[in-house]
Each structure stands twice: as C-alpha cells, then as structure tokens.
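Topology and contacts: notes
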Amino acid sequence: MSPHPRGSDDFDPRQFRTAMGQFCTGVTVITTMTTDDVPVGFACQSFAALSLDPPLVLFCPMKTSRSWKVIEQSGKFCVNVLSTNQQDVSAAFGAPGDDKFAGIDWDPSPLGLPVIRHSLSWVDCTLERVDDGGDHFIAIGRVQTLGEVLQDKPLLFYRGGYLSTEHPRVTPAQAELENFLTWTGGDTWL
Ligand SMILES: Cc1cc2nc3c(=O)[nH]c(=O)nc-3n(C[C@H](O)[C@H](O)[C@H](O)COP(=O)(O)O)c2cc1C
C-alpha cells in the first residue's frame with residue numbers, strides 16, 4: 001500500500017493563500033453604477049460561468065467590498081474580462097480608491113453599466129441570488145447581454161502576479177459562443 005500524499009491540517013491563512021495561488025485564473029473588472037450615476041468597480045478573479053441554460057455566472061466579493069454594496073443596491077453588474085495589456089486596469093480596480101475610473105475609457109452597456117474598452121469580452125447581468133461564503137459572498141447573476149469577443153490574449157493571475165499566454169487562441173467566429181463557456185467537445189459539462 002502506498003503512503004498518503006503529504007499534507008497538513010494545521011495551516012495558517014498565508015499557507016492557504018499560497019496553495020490557492022497555484023490555481024491560475026483570468027482577471028475581470030466587475031462594474032456597476034451608483035444611484036447618482038457614478039461608475040464603480042473592482043478587480044475580481046473569482047469569476048466563473050455557472051450555467052448554460054439558464055445563462056448564469058458567479059463571482060465572490062469580499063464582504064467589505066465597497067463596490068459590492070453598490071452592486072447589491074443596483075441589482076445589476078457588468079463583468080469585463082481583461083486582456084493582457086490591461087494590467088494597469090487590474091491594478092487600478094484592485095486597490096481601494098474613490099476615482100478608479102480616472103483615465104479609463106469606457107462605454108455604457110445596454111443595462112447602462114461601464115464596459116471598459118479593450119476588454120476581451122463582457123457580460124451584462126442582473127443579480128439573481130446571493131449566498132454566504134465565509135468572509136465573501138457568492139453572487140449569482142443572469143446574463144442579459146453577451147458583449148463582442150475581441151481576438152487578443154487574456155490577462156492571467158497566478159501566484160499573486162500577472163502572466164500572459166504565449167499566443168492568442170484564435171477561434172472561428174461561429175464557435176465563439178460555445179467557447180465562452182469553455183468547452184465545445186460534448187454535452188457533459190456546460
Ligand atoms: C487580480 C486581482 C483579483 C482579485 N480578485 C478578487 C475577488 O475575487 N474578490 C474580491 O472581493 N476581491 C478581489 N480582489 C481585490 C479587490 O479588487 C480589492 O480589494 C478592491 O480594493 C476592492 O475594491 P472596492 O472596495 O472598491 O470594491 C482582487 C484584486 C486583484 C488585483
């Protein structure tokens with residue numbers, strides 16, 4: 001019989017963060033508008049496609065996030081998937097600030113929410129449901145509009161730093177919809 005793989009049940013938050021940092025993700029900026037029409041948003045890696053039918057996505061905001069409070073109030077949000085040249089955008093939205101949109105070019109989505117220019121894609125969502133997730137919430141949204149997909153490289157986040165892929169993955173135009181939900185080979189997953 002082979003020994004158990006080595007592990008620890010006595011870990012601290014730093015070790016937990018290091019272990020979770022091995023999971024490479026993309027980076028999004030999730031935006032909304034205040035009741036006074038001021039744009040707000042924050043950088044978010046905990047974004048995922050959740051369901052194809054109905055079309056649902058999820059993200060996990062910290063309970064202390066100021067943008068989250070506005071999203072909860074407005075009941076809608078726009079997910080901007082960042083491209084490799086948008087590291088500065090991620091940095092601006094990933095830190096607290098009163099005017100994160102200074103110097104950012106954006107256009108309003110059909111729901112009136114900020115679409116950041118040069119993002120790889122975006123989705124306009126209405127907030128469907130919120131669950132508890134420890135020191136975060138799990139927010140589920142219903143996709144109302146799928147934005148146009150740009151052919152560029154994604155911005156990746158790994159071990160606490162930014163990465164890019166070597167080559168853009170060029171997809172045939174008619175497959176873009178399936179590729180958004182990441183799998184085109186069968187009907188077993190999304
Ligand atoms: C690459 C990256 C990924 C992040 N992912 C998340 C996330 O998934 N959830 C979250 O709550 N904060 C995440 N953050 C941190 C928030 O963007 C940061 O705390 C921000 O200051 C929150 O702003 P707000 O208080 O205006 O909402 C991330 C930051 C970076 C740079």
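Presented here is an overview of the structure given in this document. (Residues numbered from 1 in each chain as written. Predicted model: local features only at pLDDT ≥ 70, side-chain atom pairs only at ≥ 80, totals over all residues.)

Some points on the nonpolar core
- Among the nonpolar cores identified, the biggest contains 31 residues, and V29, I30, F77, V79 and L82 are the most heavily contacted of them.
- Once residues within four sequence positions are removed from consideration, F77 is found in contact with I30, T31, T32, I71, L113, C125, L127 and G141. (Core = buried A, V, L, I, M, F, W, Y, C linked by C-beta atoms within 7 Å. Buried ≥ 20, exposed ≤ 12 C-beta atoms within 10 Å, placed from the backbone. Contact = placed C-beta atoms within 7 Å.)

Regarding the sheet that holds strand β12 (residues 161-164)
- Across the sheet, which stays open at both edges, the 3 strands sit in the order β1-β11-β12 with antiparallel pairing between neighbours. What marks the edges here is a single partner per strand, and that holds for β1 (25-26) and β12.
- When β1 meets strand β11 (residues 155-158), the two strands line up antiparallel, connected through 2 bridges. Of the residues in β11, the one forming a bridge with G26 is L156. (Pairing = 2+ DSSP bridges. Helix = DSSP H or I, 4+ residues; strand = E, 2+ residues; numbered from the N terminus.)

A word on the sheet that holds strand β4 (residues 47-51)
- Pairing is antiparallel across the open sheet formed by 7 strands, whose spatial order is β3-β2-β6-β9-β10-β5-β4. Both outer strands of the open sheet, β3 (39-44) and β4, are each paired with one neighbouring strand and no more. Taking each pair of neighbouring strands and ignoring which way they run, the sheet shows an average axis angle of 35°.
- Here strand β2 (residues 28-33) pairs with β3 via 6 bridges, running antiparallel. Of the residues in β3, the one forming a bridge with M33 is P39.
- Helix α2 (residues 66-74) contacts β2, β3, β6 (76-81), β9 (121-133) and β10 (136-146) of the sheet and is inclined by roughly 55° relative to β2. (Axes fitted to C-alpha atoms, helices over the stretch in contact; angles between N-to-C directions.)

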